[in-house]
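# Results of the structural survey
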Amino acid sequence: MKKMSSSRCSGPKMVCWILICVTLWSHLSGSSGAKSYRRPNIVLILTDDLDVAIGGLVSSSFSESRDIFVASPLCCPSRASILTGKYPHNHHVINNTLEGNCSSKAWQKSEEAHTFPSILKTYAGYQTFFAGKYLNQYGHSEAGGVEHVPPGWSSWVGLDKNSKYYNYTLSVNGKAQKHGADYSKDYLTDLLANMSLDFLQYKTSYQPFFMMVSTPAPHSPWTAAPQYQNSFKNTKAPRDPNFNVHGKDKHWLIRQAKTPMSNSSIQFLDDAFRKRWQTLLSVDDLVEKIVKRLEVRGELENTYIFFTSDNGYHTGQFSLPVDKRQLYEFDIRVPLMVRGPNIKPNQTSKMLVANVDLGPTILDIAGYNVNKTQMDGMSFLPVMEGKMNSSSWRTDILVEYEGEGHNKSDPACPLLGPGVSECFPDCVCEDSYNNTYACVRTIAPSANLQYCEFDDSEVFVEVYNVTADPYQLTNIAKTIDQEVLEKMNHRLMMLQSCSGQSCRTPGVYDPRYKFDPRQMFTSHSWRLNRLRQKLK
């Protein structure tokens, strides 16, 4: 692994960004013969808030690109989707709070025993190891505290609540372990790397293993290791066409952002972008250590390694300072890299992959029949192995988000009224109660489209032709063909009520799709009628 250097990564073009979309680390092992009968090991490295633009790792082993989308652009719902293989409307984690079902008792009773790690351990005979951030409310006293060890883990090192780099508590197999602010002993990314190496050293050799390492980086508070705190001094957030522009045709929450942004806001987001890069250098070290240890132990060629993030992030797009939670590409599209046996090198594929597919794919690798589960996602192992053509693959996925707001007005921003949250000092707010939406994200040979509806009083609609408008500058909801609009509305309602196999039915731009207006959801007909009136 090669670490990013400030000289190579300086300048406005950021020439070292290669974590664009999904990259397949497709190193052909060529290991047939004696080793081929062994069930493969699996490693999942999950970062926190890593968007496709920021990059973070540089290696000659990474190759072609692919898109992966999250089921929800927020930590806890997205992580629950990764663990369960389900969309948020099926696992019922709607935000990062205990009340929103994040690591709640209800989650523990209904979903936790059915996550893919639990299946790997219980039914597939894998030894399993977890280290890092689990769900944002893990460790809460009303959810069992750090004594609670989720089912499915042979060895458990769970971070108490949200991402930190120092001064945190870990649950080590149900026992609290407190850490301070000594870099050599406590810097969390490095500690996770060392604990992962210990697991690899002392695990049994008689079972295959699954290891999940969930880093705090590049989540706030963006605390870099001491040796990296002066890196990337001249780095700034990318000035893409949607940077610091007014989202005039978008949902009201986007329209309320002040354009142009103040100099202090731009300085803040540039500083945040630089610090996020700095924290990723330690993630680079972590990946390098794990890969080298596997190589030394002779296990690398029989191990799949996945690298991804729970959601994206924005820094200045549409004049929103820093956060996630929005429906746009910068928040819902994340990097994914994969390395493993039988993955052909230098693949290029535009087949649509979502993070609800990670669990089914890992179970498929382990030899477990995914059809025995209730997962909404599908295994993309055949895609990576070159055994699946685009005509047999899905053309759309669902993105869901439920907005949050405060009951009282922010005293610093009284004109905004109640119902908003995540507000900055200049009264630009990143979330609200009615920032609740669902989207159909379509990628097909004939279409690269995003269709979104807000669950608000006006049923606000946003539609983007991402091929013609990759930065989503122009909402085409009022100009798109009425028939397409009705089909997408119908498809969205179907996906919002889907479960398991019904989430994988043909989308609007799939040749197998059949649209029957007589089968419109009667309970949702008011939405379509209001939609028609609004867009006339």
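Residues numbered from 1 in each chain as written. Predicted model: local features only at pLDDT ≥ 70, side-chain atom pairs only at ≥ 80, totals over all residues. Heavy atoms only, no water.

## Concerning helix α9 (residues 263-296)
Taking 1.5 Å of rise per residue, 34 residues should cover 50 Å, and α9 covers 50 Å from first to last C-alpha, within 8% of that figure. With its phi angle positive at about 75 degrees, G298 sits one or two positions after the end of α9. (Helix = DSSP H or I, 4+ residues; strand = E, 2+ residues; numbered from the N terminus. Expected span 1.5 Å × (residues − 1).)

## Considering the pairing of strand β13 (residues 336-339)
The two faces of β13 match: L336 and V338 on one face and M337 and R339 on the other face are all buried. In terms of strand pairing, strand β10 (residues 303-309) meets β13 through four bridges, oriented antiparallel. In the sheet register, I305 faces β13, and the bridge partner there is R339. (Buried < 20%, exposed > 50% of the residue type's maximum accessible area, 1.4 Å probe, protein only. Pairing = 2+ DSSP bridges.)

## Description of the UniProt feature "modified residue: 3-oxoalanine (Cys)" (unreviewed entry) in the chain
The UniProt record annotates "modified residue: 3-oxoalanine (Cys)" (unreviewed entry) at C75. Within the element layout of this structure, C75 appears in helix α2 (residues 75-84). Apart from the residues within four sequence positions on either side, C75 is in contact with D48, D49, N96, K133, N136, H219, D310, N311 and K324. (UniProt positions renumbered as here; feature names shortened; annotations may be inferred. Contact = heavy atoms within 4.5 Å.)

## Section: empty space enclosed by the protein
Scanning all chains against the criterion turns up four cavities of 30 Å³ or more. In this structure, the largest cavity encloses a volume near 50 Å³. Lining the largest cavity, in full, are D51, A53, P238, F273, R276, Y313, H314, T315 and Q317. Looking at the lining of the largest cavity, the elements with two or more residues in it are α9 and β11 (314-315). Its residues placed into classes, the lining of the largest cavity shows four nonpolar, three polar and two charged. (1 Å grid on protein atoms, 1.4 Å probe; cavity = no way out; pocket = protein on both sides within 12 Å on 5 of 7 lines; lining within 4 Å. Points joined across faces, edges and corners; volume = space filled by probe spheres on them. Nonpolar A, V, L, I, M, F, W, Y, C, P; charged D, E, K, R; others polar.)

## So, the packing of aromatic side chains
Applying the stated criterion across every chain yields a total of 28 aromatic pairs. With a centroid separation of 6.2 Å and an interplanar angle of 45 degrees, the aromatic rings of W153 and W156 are classed as tilted. The same class applies to W153 as to W156, namely buried. Of the aromatic side chains, those joined through ring pairs into one cluster are F116, F130, Y134, Y138, W153, W156 and F210. Positioned above the aromatic ring of Y368 is the side chain of K372, whose terminal nitrogen or guanidinium carbon lies 5.8 Å from the ring centre. (Phe/Tyr/Trp six-rings, centres within 6.5 Å; stacked < 30°, edge-to-face > 60°. Lys NZ or Arg CZ within 6 Å of the ring centre and 35° of its normal.)

## Description of the sheet that holds strand β18 (residues 437-444)
Taking strand neighbours across the sheet as the criterion, the four strands line up as β15-β18-β19-β20 in an open arrangement whose pairing is antiparallel. The open sheet has two edge strands with one neighbour each: β15 (396-401) and β20 (461-465). Each strand axis lies, on average, 15 degrees off the axis of its neighbour in the sheet, ignoring direction. In the sheet, strand β19 (residues 447-454) pairs with β20 via five bridges, with the strands oriented antiparallel. Note on β20: the bridge partner recorded for Q450 is Y464. Strands in contact with helix α13 (residues 482-496) are β15, β18 and β19; relative to β18, the strand with the most contacts, it is inclined by about 110 degrees. (Axes fitted to C-alpha atoms, helices over the stretch in contact; angles between N-to-C directions.)

## Looking at the layout of surface pockets
Quantified by volume, the second largest pocket comes out at close to 430 Å³. L74, N96, D323, R325 and E422 are, among the 25 residues lining the second largest pocket, the residues nearest its centre. At the level of elements, β12 (322-323) and β16 (420-423) are the ones that each hand at least two residues to the lining of the second largest pocket. Class assignment of the residues belonging to the lining of the second largest pocket gives a composition of seven nonpolar, eleven polar and seven charged. Taken together, domain 1 (41-393) and domain 2 (401-535) each give at least three residues to the lining of the second largest pocket, which thus spans both. (Domains from an automatic or database assignment.)

## So, the environment of M378
Summarising the element assignment, M378 is placed in the loop between α11 (358-365) and α12 (381-384). Counting along the chain gives 23 residues from M378 to N355, while the straight-line C-alpha distance between them is 9.8 Å. For M378, the residues in contact, after removing those within four places along its chain, are D357, P360, T361, W393, R394 and R504.

## Overview of the nonpolar core
In this structure, F116, L120, F210, F306 and F380 are the most contacted members of the largest nonpolar core, which totals 92 residues. Both domains that furnish three or more residues to this core are identified here as domain 1 (41-393) and domain 2 (401-535). Listed in part, the 51 residues of the second largest apolar core include I54, F273, L286 and M337. (Core = buried A, V, L, I, M, F, W, Y, C linked by side-chain atoms within 4.5 Å.)

## Examining the environment of F460
Note that F460 resides in the loop between β19 and β20. The exposure class assigned to F460 is buried, which follows from its relative accessible area of 9%. Here the alpha-carbon distance between F460 and Y437, two residues 23 residues apart in the chain, equals 9.1 Å.

## What to know about the environment of V370
With respect to the element layout, V370 can be found in the loop between α11 and α12. Among the residues examined, V370 registers a relative accessible area of 17% and is labelled buried. Note: C-alpha distance between V370 and P360 (ten residues apart in sequence) is 5.8 Å.

## Comments concerning the pattern of salt bridges
Summed over all chains, the structure comprises 25 salt bridges. Here E422 makes a salt bridge to R325, at a shortest N to O gap of 3.5 Å. You can see E422 sitting in strand β16 and its partner R325 sitting in the loop between β12 and α10 (329-332), a full 97 residues away along the chain. Two residues, R441 and E329, come together in a salt bridge whose shortest N-O distance is 3.0 Å. In this pair, R441 is assigned in strand β18 and E329 in helix α10, connecting sequence segments 112 residues apart. The class for R441 is buried, based on a relative accessible area of 1%. Given the relative accessible area of 8%, E329 is considered buried. (Salt bridge = Lys/Arg side-chain N within 4 Å of Asp/Glu carboxyl O.)

## Some details on unusual backbone geometry
Glycine aside, negative phi is the norm for most residues, and most peptide bonds take the trans geometry. Omega for the peptide link from A217 to P218 comes to -5 degrees, which places this bond in the cis form. Mapping P218 onto the fold places it in the loop between β9 (209-214) and α8 (252-255). Note the cis peptide between S220 and P221, where omega equals 15 degrees. Along the chain, P221 turns up in the loop between β9 and α8.

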